[in-house]
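# Summary of the model geometry
What follows is the residue order along each chain.
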Amino acid sequence: MTNMAGSSAHEESLPVHLRGNYAPVKEEVTAFDLPLRGAIPPSLRGRYVRNGPNPKTGQSPHWFMGDGMLHGVELRDGRAAWYRNRWVRTRAFLEDARSVSAEGEVDLAVGVANTHVVAHAGRIFALVESSFPTEVTRELKTVGSFDFAGRLTTAMTAHPKICPRTGELHFFGYSFKPPFLIYHRADSAGRLVQSEVIDVPGPTMIHDFAITDRHVVFMDLPIVFDLELAMTGTMPYRWSDDYGARVGIVPRGGANGDVRWHEVAPCYVFHPLNAYEGEDGAVVMDVVRYPELWRGGSSAAVNPPALHRWRVDVRVGRVSEQALDDRAVEFPRCDERRVGLAHRYGYAVYTENGADRSTGTALIKYDLHSGSAATHECGQGRLPSEPVFVPASAEAGEDEGWVLAYVYDASRDGSDLVILDAARFDGPPVATIALPQRVPFGFHGSWIPDPE
Ligand SMILES: [Fe+2]
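The following refers to the structure shown. Keep in mind that this is a model prediction, so the values were computed, not measured. (Residues numbered from 1 in each chain as written. Predicted model: local features only at pLDDT ≥ 70, side-chain atom pairs only at ≥ 80, totals over all residues. Heavy atoms only, no water.)

### Structural notes on the overall build of the protein chain
Worth spelling out the cut-off: Secondary structure elements are taken from DSSP: a helix is a run of H or I of four residues or more, a strand is a run of E of two residues or more, and numbering for both begins at the N terminus. Burial classification: accessible surface area is computed with a 1.4 Å probe over protein chains only, and a residue below 20% of its type maximum counts as buried, one above 50% as exposed, and the rest as partly exposed. Residue contacts are counted whenever heavy atoms from the two residues lie within 4.5 Å of one another. We get accessible surface area from the Shrake-Rupley algorithm with a probe of 1.4 Å; when it comes to residues, only the shown protein chains can shield them. The charge count treats Lys and Arg as positive and Asp and Glu as negative. His and the chain ends do not count. In this description, the location of a charge corresponds to atom NZ of lysine, CZ of arginine, CG of aspartate or CD of glutamate.
Assigned secondary structure in the protein chain consists of 3 helices and 33 strands. Within the protein chain, the fraction of its 452 residues that count as buried is 59%. A separation of at least 24 residues holds for 57% of the contacts in the protein chain among residues at least 6 apart in sequence. Surface exposure of the protein chain reaches about 18,100 Å², of which carbon and sulfur atoms provide 50%. Counting 45 positive and 58 negative side-chain charges, the protein chain places the averaged centre of each group 3 Å from the other.

### Let's talk about the pairing of strand E3 (residues 46-53)
As a reminder of what qualifies: The rule for pairing is simple: two strands pair if DSSP sees at least two bridges between them.
Taken across its 8 residues, E3 has 8 buried, putting it largely inside the fold. With 8 bridges connecting them, E3 and strand E4 (residues 68-76) associate as antiparallel partners. Residue pairing in the sheet places Arg 47 in a bridge with Glu 74 of E4. Sheet analysis places E3 next to strand E33 (residues 445-449), joined by 5 bridges and oriented antiparallel. Across the sheet, residue Arg 50 finds its bridge partner in E33, namely Gly 445.

### Some remarks on the side chain of His 116
Relative to the helices and strands, His 116 is located in strand E6 (residues 116-120). Here His 116 falls in the buried class, since its relative accessible area comes to 6%. Every residue in contact with His 116, bar those within four places of it in the chain, is listed here: Asn 51, Phe 125, Ala 126, Leu 127, Ala 158, His 159, Arg 333, His 444, Gly 445 and Ser 446.

### Observations regarding the state of the cysteines
Threshold: A pair of cysteine sulfur atoms is labelled a disulfide when the two atoms are within 2.5 Å.
For the structure shown, the criterion picks out 0 disulfides. With no disulfide of its own, Cys 334 lies 12 Å from the sulfur of Cys 163, the closest cysteine sulfur. The class of Cys 334 is buried, set by a relative accessible area of 4%.

### Here's the deal with empty space enclosed by the protein
The condition is simple: Grid spacing is 1 Å over the protein atoms alone, the probe is 1.4 Å, and a cavity is where that probe fits but cannot get out, while a pocket is an open set with protein on both sides within 12 Å along at least five of seven lines and lining residues have an atom within 4 Å of a point. Grid points are joined across faces, edges and corners, and a volume is the space filled by probe spheres set on the points. Residue classes follow a fixed rule: Ala, Val, Leu, Ile, Met, Phe, Trp, Tyr, Cys and Pro count as nonpolar, while Asp, Glu, Lys and Arg count as charged, and any other residue, Gly among them, counts as polar.
Scanning the model with the defined rule gives 1 cavity of 30 Å³ or more in all. Looking at the largest cavity, its volume works out to about 30 Å³. In this structure, the largest cavity is lined by His 17, Leu 18, Tyr 22, Pro 53, Asn 54, Pro 55, Ser 60 and Trp 63. Here the lining of the largest cavity is composed, by residue class, of 5 nonpolar, 3 polar and no charged.

### Quick notes on the sheet that holds strand E23 (residues 318-323)
Within a beta sheet, neighbouring strands are joined by backbone hydrogen bonds and run either parallel or antiparallel to one another. As a reminder, the rule being used: Note on method: axes are straight lines fitted to C-alpha atoms, helices fitted across the in-contact stretch only, with angles between N-to-C directions ranging 0 to 180 degrees.
Here we have 4 strands laid out as an open sheet, ordered E20-E21-E22-E23, and antiparallel in their pairing. At either margin of the open sheet sits one strand with a lone partner, and together these are strand E20 (268-277) and E23. Recorded for the sheet is a direction-independent mean angle of 25° between the axes of neighbouring strands. Taken together, the 6 bridges between strand E22 (residues 306-313) and E23 define a ladder with antiparallel strand orientation. Bridging across to E23, His 308 finds its partner in Ala 323.

If you want it as structure tokens, here you go:
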């Protein structure tokens, strides 16, 4: 029996993360000069690449654990020049190597590289938070594991931050074994120039962080490592009622002794939208906040997350928290030129119930000056992935440009790359590019322009 989205009774017996458009695709496809409706802005010269889990065996114990697959579309001269999807050829993919042995030993050169793809200093990295980066080419070919010429000795977050003013790459690694958190800084040429152990009370899941133009902001939130869960082979983290929740502010380039920790109400944040220095001396940080997550483990139902603002008053050591919206959203992004600087606009996927993105058919553009939001409704059965903003030019205004997102169309079990005009966000797409196969729901991506 088959329903409208093409799923069978057999498929419905699978866990949610292997079903419908979460299911992995089986083929690596290359296609040129893709069909499209509308007109691709000629200023878009580069490629949009997005990462996500696509287990090569068709099986994985958790959505976060499948082999990484990149889906890319190159745009130039108003054409969609190519589409490619490629598994990241990690040692996990090629050799079935394990990043953590049965004895608990960690091999940082092994990882599924399934979470994000980020370009810095002439290299492109496929990233997962449990291992070194994996370098890939602009045509999505795997180069190999990358450890900053041997200087990196920890895993690397999938959410490094590039300072738009200095070109520095700020990032961190976390581990279930001490040291639990290490702050790293690479210069604009890609040389790792600083690594500092940051003391935290225990091993927590630290998925992302933020920078301002003066500070780095860490989140030490109560999703704690659980050895019993680790032994079962699934995500080894769960909610803790005891751990507490803190935000740590460090001067950029600072060390452990410089960290100022501030208590926040218990919650979890996978993704900040951005952070910046407020005019009143506070650090302002906009986050997609879950009131609770993973009680008992990562298979627990998810409470809907929503956009909140923290104001961290570093002088008096207090954090105030404000809900900016009550809609369930995820995958918040801002203009990359505003990373660490005051932002007016942000983009996110509207997930409706927060637990399953296949219920959300809209993207949201927040205007945080006016307190309003515009909605781009993708249409019935059309389910968008993370929106990525691309400025129309280097000098363009903050919402003068394009928003790119893959959109899954359940009615044809296929996917499009949709290009929206950021300034006319609720209008029809300026271009809709039909892809030769569906793009499974995944995580994060980047616009990687042609080299200058
Ligand atoms: Fe993420």
